[in-house]
Protein chains: 2
Amino acid sequence: MDSGAHQIFNGKEDNYGGVVVNLMEMEPMTAQDFEAKLDGSLKAWKVQGKKGIWIKLSSQLSSLVDSAIKRGFTYHHAENEYVVLTSWISESPSTIPANASHRIGIGAFVLNKSREVLVVQEIGGTFKGTGVWKLPTGVIQEGEDIWTGAVREVEEETGLPASMTCLIFIILLLVSRRERHQSFFERKSSIFFLCELEASNFEIKKQDSEILDAKWMPIEEYVHQPFNQKKEMFRFMANICLKRSQEKDNYAGFSTVLTKNSAGKESYLYCSIDHADLLNGKCDQASTSLFATLFHKCFCFT
Amino acid sequence: MDSGAHQIFNGKEDNYGGVVVNLMEMEPMTAQDFEAKLDGSLKAWKVQGKKGIWIKLSSQLSSLVDSAIKRGFTYHHAENEYVVLTSWISESPSTIPANASHRIGIGAFVLNKSREVLVVQEIGGTFKGTGVWKLPTGVIQEGEDIWTGAVREVEEETGLPASMTCLIFIILLLVSRRERHQSFFERKSSIFFLCELEASNFEIKKQDSEILDAKWMPIEEYVHQPFNQKKEMFRFMANICLKRSQEKDNYAGFSTVLTKNSAGKESYLYCSIDHADLLNGKCDQASTSLFATLFHKCFCFT
C-alpha cells in the first residue's frame, strides 16, 4: 500500500451508490488526523461519483463527531455505543433512508370468565395521579415479537401467565416534523398493537416498582370511565374491547403465523384468521416445486 | 439569580424521576465551561434523588458531545439536527425507555380487472439484477399514515392514482441485539404492512430514477416466480395475495378508522371491518354522556 492510501477511509459500497465507513473498531486518532483523512476521502469519493457517505463512530471516538459535523455531515441515528453520521455529496436529490421512525407500543386485553378485564394503575407516567384504570401496556424490546412483548408486560405487571389469541386493532399515532422539533423525545410517531391474551391462571400478583394497583374490573365499568369516554380515540378503543367481550365466537381479528425471512430468521406474519389457517394448515409442508398441488390444496376453493 | 445558579443546567422534571435538559437554543460554550456546569448539575441532581438525565445537544454544539460521554453519558438517539444523550445516576435499575426501534415498510397490492397485479423491477436495492418482479414497496415518511404511504409509493413508482381498500397482512422482521452489532444500518427490526389499493386508472407511467420497469402481471405468474416460492416467508406472502385475488367478496382484513388522539391529532385505527363499520357508522356522533344509548346503537346486537 502506498502512503496515499492511508489518507482514504476504507468504505464498503452499497447498492445505492453509497459508501459505508465503519469506525467501530478504529484505534483512537487525533481530530487533526481524522480531519485530514476525511477530507482526502471525500475528495476521492466525489471523483468516483459516490452519493451518500455513512460514518459509524463508536462512543470511544466521540471526540471526532465535531470534526465530521464541521465537514457537512449530519446525525443520522445513534444507539448506546455509537452514532451514525451521513453526508450527501452528489448533486442529485438525497435518497438517504429515514432513521428508525417508530416506537412500537403494545397493550394486552385479557378477560376472565366473568367478563372482567385485567386493568392496572401505574405509579408514574402519563396517567400518574389520575385514578384511571388502564390495560397493561408497554414498549416492545429490541428483537421481541409483538405477542411476546404483550405476554411479558402482563406477566411483569400482574404476574399472570397468559398466551396469545389474536391481534384486535392497531393504532398509528402520527407526529409531524414540526411537532417533533417542538418537543424533546416523547413525540416520536408510534404504533400501538392491542393483543388479546388468554390467562391460564387468574390470581393477580402485582409488580411493585411501576404498578400502583392491578385488578379484574367488569368490562362495562372499564369502558364507562370518563377517561375512556371523553376522547374519541380512547372511546373507540374501549368500545372495540366491549364488543370483543361479547363476540367470542365470531371474531375476525388478525392471527399470527411464524415464518422465516430469506436469511432464515424467525419472522411473524399477522393476517386474517382464514389466511393464517391456510398457511398454518397446509402450505407449510407443501412442496414448493409442486405449485399446482399446493395451489389446490391450500386455497380450499369453495 | 446568584452566581451558583449559573453552575446548574435548567432541566425539566419528567413523571419518572428524570431531568430533561434541552440545549437546542443554547449559545455555543467552551468544553471547559460545559464540563464545569455539567459536573455541578450532576452533583445537585444526585442529591435531589434524580434518576435519568437527558441532554439534547444541537448540531451546533457537537464539540460538547465528547465531554458528556466522558462523564458517563451514552447516546440515546439522534436526528439530523441533534443528538440526545442519557445517563442513569440512580442506584435503582435503569428504566430509560428504548429509542425508536423500528422502520415501517409498506407494500401495495393492486389488481386490475383481469386479475393482473401491479409489479415493478427496481434499479437498485436488494433485488438489483435479479429480474424479480415485486410489489411496489417503500418506507413510510415522518408523520405519514400507512395508507398515505402506500398510495404515495404506487403513484411515485408507477404513476397510478389509487385509493385504499384494506390492510391485508403485517410482517414483523426481528433483529437481535447481536445481529445489530454485527451490521451497520440495514438490520433494524422492521414492520411491513401490505395494503390493498384500488386503482382508478390502469395506465402505468413508470418513474425513471428508481424503477427499471413496471407492468401488470397475471397473479399466478407473479406467485409462481421462483423467488416467491423458494423462501417460506415470500411464499406465504405471495399465497395470501393469490387468495385475495380470489375472494373479493368475503374478505376479513383490517379496515381503517380516522380518529384523534388526546391532543386532538389525527390518528388512525386499524381493526376488523366489522369493528370499523361500528365505529364509523354510529359511534362517531354518539353522545359520550349517553353511554347506554351508544352501547345499544353501536353494537348492533344480533
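Residues numbered from 1 in each chain as written. Chains lettered and ligands numbered in written order. Predicted model: local features only at pLDDT ≥ 70, side-chain atom pairs only at ≥ 80, totals over all residues. Heavy atoms only, no water.

Peer 1: Just to check I follow, could you spell out the overall build of chain A for this structure?
Peer 2: Helix and strand counts for chain A stand at 9 helices and 13 strands. Considering chain A as a whole, with its 302 residues, one finds that 53% of them fall into the buried category. Within chain A, contacts between residues separated by at least 24 positions form 62% of all contacts whose residues are at least 6 apart in sequence. Accessible area of chain A: about 13600 Å², with a carbon and sulfur share of 50%. (Helix = DSSP H or I, 4+ residues; strand = E, 2+ residues; numbered from the N terminus. Buried < 20%, exposed > 50% of the residue type's maximum accessible area, 1.4 Å probe, protein only. Contact = heavy atoms within 4.5 Å. Areas by Shrake-Rupley, 256 points an atom, 1.4 Å probe, with all protein chains shown as cover.)

Peer 1: Would you mind going over the environment of Val 120 of chain B with me for this structure?
Peer 2: Residue and element names in this part refer to chain B. Here Val 120 lies in strand S7 (residues 116–122). Among the residues examined, Val 120 registers a relative accessible area of 0% and is labelled buried. Sequence-wise, Val 120 and Gly 105 are 15 residues apart; in three dimensions their C-alpha atoms are separated by 16 Å.

Peer 1: Looking at this structure, I do not really get unusual backbone geometry. What am I missing?
Peer 2: Trans is the common state for peptide bonds, and a negative phi is the common state for residues other than glycine. Phi at Arg 115 of chain A takes a positive value of approximately 55 degrees, unusual for a residue other than glycine. Locating Arg 115 of chain A in the fold gives a position in the loop between strand S6 (103–110) and strand S7 (116–122).

Peer 1: Please explain the pairing of strand S4 (residues 74–79) of chain A as it appears in this structure.
Peer 2: Residues in a regular strand point their side chains to alternate faces of the sheet. All names here are of chain A. Of all 6 residues in S4, 5 are buried; the element is thus mostly enclosed. Sheet analysis places S4 next to strand S5 (residues 82–88), joined by 5 bridges and oriented antiparallel. By the bridge assignment, His 77 is partnered in S5 with Val 84. Where S4 hands over to S5, the hairpin turn is made up of 2 residues, counted between the paired strands. (Pairing = 2+ DSSP bridges.)

Peer 1: For this particular structure, what's the right way to read the sheet that holds S5 of chain A?
Peer 2: The pairing of strands in a sheet happens through backbone hydrogen bonds and is either parallel or antiparallel. The 5 strands are arranged S1-S2-S3-S5-S4 (chain A) in an open sheet whose pairing can be described as mixed. Among the strands making up the open sheet, the edge pair consists of strand S1 (12–13) and S4 of chain A.

Peer 1: What exactly am I supposed to notice about the packing of aromatic side chains here?
Peer 2: The description of an aromatic ring pair uses the distance of the two centres, along with the angle that the planes make with each other. Tallied over the entire structure, the rule returns 9 aromatic pairs over all chains. Judged by centre distance (4.6 Å) and plane angle (50 degrees), the ring pair of Phe 227 of chain A and Phe 234 of chain A falls under tilted. Given the relative accessible area of 14%, Phe 234 of chain A is considered buried. Centroid distance Phe 254 of chain A to Phe 254 of chain B: 3.8 Å. Interplanar angle 15 degrees. Geometry classified as stacked. Taken together, the residues span two chains, with Phe 254 of chain A in strand S12 (residues 254–260) and Phe 254 of chain B in strand S12 (residues 254–260). Across this residue pair, the class does not change: Phe 254 of chain A and Phe 254 of chain B are buried. Lys 56 of chain A extends its terminal NZ or CZ atom over the ring of Tyr 82 of chain A, reaching a point 4.2 Å from the ring centre. Between Lys 215 of chain A and the ring centre of Trp 133 of chain A, over which it is positioned, the NZ or CZ distance is 4.4 Å. (Phe/Tyr/Trp six-rings, centres within 6.5 Å; stacked < 30°, edge-to-face > 60°. Lys NZ or Arg CZ within 6 Å of the ring centre and 35° of its normal.)

Peer 1: Mind showing me how you'd approach the environment of Ala 214 of chain B here?
Peer 2: Residue and element names in this part refer to chain B. By the secondary structure assignment, Ala 214 is in strand S11 (residues 211–218). Its relative accessible area of 11% is what places Ala 214 among the buried residues. Residues Ala 214 and Ile 168, 46 residues apart in the sequence, show an inter-C-alpha distance of 22 Å. The residues contacting Ala 214, other than those within four sequence positions of it, are Val 119, Val 120, Trp 133, Thr 158, Ile 204 and Lys 206.

Peer 1: What am I meant to see in the sheet that holds strand S5 (residues 82–88) of chain B here?
Peer 2: Residues and elements named next belong to chain B. One open sheet accounts for 5 strands, arranged S1-S2-S3-S5-S4; its pairing is mixed. Here the strands that pair on one side only, and so sit at the sheet edges, are strand S1 (12–13) and strand S4 (74–79). Relative to strand S3 (residues 52–58), strand S2 (residues 19–23) runs parallel, the two sharing 5 bridges. Residue pairing for S3: Asn 22 is matched across the bridge by Lys 56. Of the strands in this sheet, S2 and S3 are in contact with helix H1 (residues 31–47), which crosses S3 at around 155 degrees. (Axes fitted to C-alpha atoms, helices over the stretch in contact; angles between N-to-C directions.)

Peer 1: I keep staring at the environment of Val 139 of chain A and nothing clicks. Help me out?
Peer 2: Residues and elements named next belong to chain A. Within the secondary structure layout, Val 139 lies in strand S8 (residues 137–139). Measuring from C-alpha to C-alpha, the distance between Val 139 and Ser 190 comes to 9.9 Å, with 51 residues separating the pair along the chain. If sequence neighbours within four positions are ignored, Val 139 has contacts with Arg 103, Ile 104, Gly 105, Glu 144, Arg 152 and Glu 153.

Peer 1: Would you take a moment to explain the side chain of Arg 152 of chain B for this structure?
Peer 2: Mapped onto the fold, Arg 152 of chain B is located in helix H3 (residues 146–158). Within the structure, the side chain of Arg 152 of chain B is placed 3.1 Å from the side chain of Glu 153 of chain B, a separation counted as a polar contact. (Polar contact = N/O pair within 3.5 Å; in protein donor to acceptor, adjacent residues only side chain to side chain.)

Peer 1: What is the right way to read the pattern of salt bridges from this model?
Peer 2: Side chains that differ in charge, positive against negative, can pair when their charged atoms come close. All names here are of chain A. This model, assessed by the stated rule, comprises 22 salt bridges over all chains. For Lys 50, the salt bridge goes to Glu 13, with nearest N and O atoms at 3.0 Å. Of this pair, Lys 50 sits in the loop between helix H1 (31–47) and strand S3 (52–58) while Glu 13 is found in strand S1, placing the two residues 37 residues apart along the sequence. For Glu 13, a relative accessible area of 57% gives the class exposed. In the salt-bridge network here, residues are joined through shared partners; they are Glu 144, Arg 152, Glu 153 and Glu 156. (Salt bridge = Lys/Arg side-chain N within 4 Å of Asp/Glu carboxyl O.)

Peer 1: Just to check I follow, could you spell out H3 of chain B for this structure?
Peer 2: Because an α-helix completes one turn every 3.6 residues, residues spaced three or four positions apart along the sequence face the same direction. Residue and element names in this part refer to chain B. With 13 residues, H3 extends 18 Å from end C-alpha to end C-alpha; this agrees with the ideal 18 Å at 1.5 Å per step. Burial in H3 covers these residues: Ile 146, Trp 147, Gly 149, Ala 150, Arg 152, Glu 153, Val 154, Glu 157 and Thr 158. Of the residues that open H3, the one with a side-chain oxygen 3.2 Å from the backbone nitrogen of Trp 147 is Asp 145. Positioned one or two residues after H3, Gly 159 has a phi angle of 75 degrees, which is positive. (Expected span 1.5 Å × (residues − 1).)

Peer 1: Help me out: how do you make sense of the side chain of Gln 121 of chain B in this one?
Peer 2: Residue and element names in this part refer to chain B. Inspection of the secondary structure assignment puts Gln 121 in strand S7. Side-chain polar atoms of Gln 121 contact the backbone oxygen of Gly 131, separated by 2.8 Å. Discounting residues that sit within four places of it in the chain, Gln 121 has contacts with Gly 131, Val 132, Trp 133, Glu 210, Ile 211, Leu 212 and Asp 213.

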